[in-house]
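# Close look at the chain arrangement
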Amino acid sequence: MPTINPLPPAPMTLQAALLSDDWFASCPPPLQQALLSMAVVRRLEVGEALFTRGSPASGMYCVIAGAVHIGAHDADGRAAVLAHLEPYQWFGEISVIDGQPRTHDAIADLPGEVLVIPGAGLERWLETRPQYWRDIARLTCRKLRVSFAVLEELAQLPLEERVLRRLRLLAQGYGSRDIARQRIRIGQEVLGRMLGISRQSVNQALKQLAAKDLVRLHYGEIELLD
């Protein structure tokens, strides 16, 4: 059984941390407080599924520790990674909007915790405050814009530039951070699955980027220099 704990009254440290995400920071205070008041904490171990493709809509989530990837497996069992989410990124809102089953898996890459906002409670709250649906939709719109940019890169850019741009996207939290991180904790195999290429191809591209002083490689981390 998953470990789920009620969220105590939101400490200022958590509130401040959540405000580092520009979507949450731009939400009206009543919506911010409602999300925090409904939230429970779920702990995840490495490889544990938060939800899987086809599972019913169950609310929204925010990573507060560790990392979660969004992806799926093809008919041959090979994993594709669409997104790598770190603190304090929100996700899961699409099923809140349309009520349809999950389209992908959410799997823990590292031991960590997520805030769980139960869908039923959130929908009841929004039914009497419909003006805040627009804020939920804005989160989806931001991700849609990122998806269009990624599709354009896939069609037009050479591999080395695609790797660099994906690293910058991760550093910016898919557009959720005003200040990008310099170091990204991600394995080359995971990065390869995100780009649909082999780990060897990722390694070669990273070495070329390092030779140009655009990145520096560390154990388990990639540092952006430009």
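Residues numbered from 1 in each chain as written. Predicted model: local features only at pLDDT ≥ 70, side-chain atom pairs only at ≥ 80, totals over all residues. Heavy atoms only, no water.

An unreviewed UniProt entry annotates the chain as Crp/Fnr family transcriptional regulator originating from Azonexus hydrophilus.

### Section: the environment of Met-194
Keep this limit in mind: Elements are defined by DSSP. Helices are runs of H or I of four residues or more, strands are runs of E of two residues or more, and each kind is numbered from the N terminus. Partly exposed describes any residue whose relative accessible area lies between the buried limit of under 20% and the exposed limit of over 50%, with all areas from a 1.4 Å probe on protein chains only and scaled to the type maximum. Only heavy atoms enter the contact rule, under which two residues are in contact if any of them lie within 4.5 Å.
Mapped onto the elements, Met-194 comes out in helix 8 (residues 188–195). Judged by its relative accessible area of 8%, Met-194 falls in the buried class. A C-alpha to C-alpha distance of 19 Å links Met-194 and Arg-142, two positions 52 residues apart in sequence. Not counting the four nearest positions on each side in its chain, Met-194 is found in contact with Val-81, Leu-82, Ala-83, His-84, Arg-166, Leu-170, Tyr-174 and Ile-186.

### Section: the sheet that holds strand 9 (residues 215–218)
For sheets, the rule is that strands pair by backbone hydrogen bonds, running either parallel or antiparallel. Using the following cut-off: By definition, two strands form a pair when at least two bridges between them are found by DSSP. Note on geometry: axes are C-alpha line fits, over the in-contact stretch for helices, and angles between N-to-C directions span 0 to 180 degrees.
Here 3 strands make up an open sheet; going across it, the order is 8-10-9 and the pairing antiparallel. Single-partner strands in this sheet number two, and they are strand 8 (183–184) and strand 9. With respect to the sheet, helix 7 (residues 159–171) is in contact with strand 8, strand 9 and strand 10 (221–224), its orientation differing from that of strand 10 by roughly 95°.

### Quick notes on the pairing of strand 9
With 4 bridges connecting them, strand 9 and strand 10 associate as antiparallel partners. Each residue of the ladder has a partner; that of Val-215, found in strand 10, is Leu-224. The loop that links strand 9 with its antiparallel partner strand 10 comprises 2 residues; one of these, Gly-220, has a positive phi angle of about 75°.

### Considerations on the nonpolar core
Counted only if it meets this: Put simply, a nonpolar core is a bunch of buried Ala, Val, Leu, Ile, Met, Phe, Trp, Tyr and Cys residues held in one set by side-chain atoms that sit within 4.5 Å of each other.
Counting residues in each nonpolar core, the largest one holds 37 residues, and the members touching the most others are Leu-50, Val-68, Phe-91, Val-163, Leu-167, Tyr-174 and Leu-191. At the level of secondary structure, the elements contributing two or more residues to this core comprise strand 3 (49–51), strand 4 (59–73), strand 5 (79–85), strand 7 (105–118), helix 7, helix 8, helix 9 (199–211) and strand 10. Leave out the neighbours within four places in its chain, and Phe-91 touches Leu-50, Phe-51, Met-60, Tyr-61, Cys-62, Val-63, Val-68, Ile-70, Leu-85, Ala-106 and Lys-143. Grouped together as the second largest cluster of nonpolar side chains are 25 residues, Cys-27, Val-41, Met-60 and Ile-136 included.

### Focus: the packing of helix 3 (residues 29–38) against helix 5 (residues 119–127)
Test applied: These descriptions rest on fixed angle ranges, namely under 35 degrees for roughly parallel, over 145 for roughly antiparallel, 65 to 115 for roughly perpendicular, and the rest for oblique. Working rule for handedness: look at the near helix, and if it is turned counterclockwise from the far one by less than a right angle, call the crossing left-handed; if clockwise, right-handed. All residues other than Ala, Val, Leu, Ile, Met, Phe, Trp, Tyr, Cys, Pro, Asp, Glu, Lys and Arg, Gly among them, are scored as polar; the first ten of these are nonpolar and the last four charged.
Where helix 3 contacts helix 5, the two axes come as close as 10 Å, and the packing angle between them is 150°. With respect to their mutual orientation, helix 3 and helix 5 come out roughly antiparallel. Here helix 3 runs over helix 5; the crossing is right-handed. For the pair helix 3 and helix 5, the contacting residues are Pro-30, Leu-31, Ala-34, Leu-35 and Met-38 in the first and Gly-121, Leu-122 and Trp-125 in the second. Here the residues of the contact of helix 3 with helix 5 sort into 7 nonpolar, 1 polar and no charged.

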